[in-house]
Amino acid sequence: MEKIKIGRVVEIEGLNIIIEINEKEISEKINFKVGNQVTPVLINKLISIALLNGKELIGKIEKIVENNRFYTEENFKKQDNKICVFASLIGIYDYYTKKFDEGINNFPFINSEVYSISSEIKKNIMSISSEYKLKIGKSFNDNAVEIFANPDILFGKHLGVFGNTGTGKSCTVTSIIQGLKDRLTDEEENLVKTSPKIIIFDSNNEYSNAFENTELKFLKIKKENLKLPHNKLSYIEYYKLFGASQGVQVPILKESLQKNKKSKNDKYSFSDIKGEIDKIIEENSKELDRNNKVVRGNFSYNQWKNWLNPLLNRIEMLEQNEELKLIIDYNEETKNTVEKIKNDKENNIFIIELDFDKEELDIIMFIFSKLLYNECKNENIVLVLEEAHRYINEEDIGEYKLGNYYIQKIAREGRKFGISLIISSQRPSELSKSVVSQCNSFIIHRLTNKNDYEFIYRILSNHSKGYLNLLSGLEKQHALVCGEAFGFTDIVKIETANPTPKSEDPKMIKKWINNLVNKN
């Protein structure tokens, strides 16, 4: 789209201006958007105003109204064919350097001419300065403008992907990962080949076919094959896992662990921990006299047992959960999953099935994220948390607090050690605030919940807040991109994932028709 004159400035108030446009001029010079036609006079479009120093003020259209609404027949003569555009000034573009700087240090005059910006200028505004770039999609308002992200920031720091169910979050995550093989380029636009290592926590079994027949090699890890031995935990982490209380339980548990570590060389199971506690109770409930005869101790066996029963019951519950026990209890013959991922030189994507109830998931997240944090520093691993509100939920931190601990630690410190997060959720307002606050970039699909709106409003920069009103109307596959990884905030049609994850809407009627056929 070429640069077109669209009107003149008639009012200036701070960073907000009003532009008057003659409807006749628009009909003669500008094609309104019909089908694939493009017009510069649309909500969210960028406009420019020339300054005396060879630079241009850049603004963003916020509102379009008919000018007649400001007049009454009693007081003013009605003016026909007038449209007013409300815009906010967002920065200054330099034609010579082709650089855009956010912020305003100059203002237009009344009657200054206002122009649409060309596709070339928008490309420069949306451009990124980085050694490599990853194509994300195309600008919704100008298909000639491709939108890129700085991949070192997108994957090296933390990314939030938010949106209602069915808006395309999983396809977006898949698209940017697939882009590492077919859309990653250097500064000369040469295709760059990489061998990434990405772990996906797949809560809904969506990603099993998302990387088939692509250059990205993947390994699906079913929950029965997940191995996260608890004997890698520290004393304090065992206290958290078993809910040990201060006073009696913590010192007895510590003594049991110390004895197991010494006698079994760190190769001990839940039953070993429980067995040592029983032995300690026996020892503590008896006492020897001068002649080495056993006499009653200060506290009876039953007293010790009553004090330690909650701890023993917690260990026994974990031991009796056969599914969970197979995952987290020590098995000498099996390497832990995190270690296998770390040493895997063949696969790029590791899809971990997470079909667990809330308490089990809390424990698994705790041990997995601890192992990841401890064993995979400087490995440049990306952890994708699908349906992240299930395990880093702000409201659940009190009751289900284990899984949050190391995820928060990775969010705060992980990027320094080569561990980064992609947080995908349909309920961003419910996520742990300390985790989301560490995200540097966001891809936001359609949102309609009031709490989510308020949450997104707080994380958007000032010049991006005007986009908030557009979120509820975004089409599927379209999203607002903003943050450090992107040149500038914009609505983008995300590059199509191929193949896509299994996240289609349910086919209810077809299923019911089949049910009827089967009955007959």
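Anyway, here's the lowdown on the structure attached to this text. Computed from a predicted structure; not experimentally measured.

This brings us to the packing of helix α7 (residues 270-284) against helix α8 (residues 301-320). One can describe the packing of α7 onto α8 by two numbers: an axis separation of 10 Å at closest approach and a directional angle of 180°. Considering their axes alone, α7 and α8 lie roughly antiparallel with respect to each other. Between α7 and α8, the contacting residues are Phe270, Ser271, Ile273, Lys274, Ile277, Asp278, Ile281, Glu282 and Asn284 on the first element and Tyr301, Trp304, Lys305, Leu308, Leu311, Leu312, Ile315, Glu316, Leu318 and Glu319 on the second. Of the residues assigned to the contact of α7 with α8, the class counts are 11 nonpolar, two polar and six charged.

Looking now at the pattern of salt bridges. Applying the stated criterion to the full structure yields 21 salt bridges. Here Glu495 ties to Lys135 by a salt bridge, and the two come within 3.7 Å at their closest N and O atoms. On the criterion of sequence distance, the pair formed by Glu495 in the loop between β21 (490-494) and α15 (508-519) and Lys135 in strand β8 (residues 132-139) is long-range, its members being 360 residues apart. For Glu495, a relative accessible area of 24% gives the class partly exposed. You can call Lys135 buried: its relative accessible area is 14%. Among the salt bridges present, the one from Asp182 reaches Arg183, with a minimum N-O distance of 3.5 Å. You can call Asp182 partly exposed: its relative accessible area is 46%. Via salt bridges that share partners, Lys135, Glu146 and Glu495 belong to a single interconnected network.

So, about unusual backbone geometry. Here the bond from Asn498 into Pro499 is cis, since omega is 0°, no more than 30 degrees from zero. The topology assignment puts Pro499 in the loop between β21 and α15. In this structure, Asn44 is a non-glycine residue whose phi angle is positive, near 85°. Looking at the element boundaries, Asn44 is found in the loop between α1 (23-29) and β3 (46-50). Look at Lys98: it is not a glycine, yet its phi comes out positive at around 60°. With respect to the secondary-structure elements, Lys98 resides in the loop between β5 (82-94) and β6 (99-102).

Cut-offs applied
- Just so you know, the residues in each chain are numbered from 1, in the order the chain's sequence is written.
- Only residues with pLDDT of 70 or above have their local features reported here, since the model is predicted, and side-chain atom pairs are shown and tallied only from 80 upward, although totals for entire chains, interfaces and linings are computed over all residues.
- To get the side-chain values, take all heavy atoms of the structure and skip hydrogens and water.
- For helices, the axis comes from a line fit to the C-alpha atoms of the stretch in contact; other axes are also lines fit to C-alpha atoms, and the angle between any two N-to-C directions lies between 0 and 180 degrees.
- Put simply, DSSP marks the helices as runs of H or I at least four residues long and the strands as runs of E at least two long, and each gets a number from the N terminus on.
- For classification purposes, an angle smaller than 35 degrees is called roughly parallel, one larger than 145 roughly antiparallel, one from 65 to 115 roughly perpendicular, and anything else oblique.
- The contact criterion used is simple: two residues touch if any of their non-hydrogen atoms lie within 4.5 Å.
- Polarity classes work like this: nonpolar for Ala, Val, Leu, Ile, Met, Phe, Trp, Tyr, Cys and Pro, charged for Asp, Glu, Lys and Arg, and polar for all others, with Gly in that last group.
- In what follows, salt bridge is the name for a side-chain nitrogen of Lys or Arg lying within 4 Å of a carboxyl oxygen of Asp or Glu.
- To sort residues, take the accessible area from a 1.4 Å probe on protein chains only and compare it with the maximum for the residue type: under 20% means buried, over 50% means exposed, and anything in between is partly exposed.

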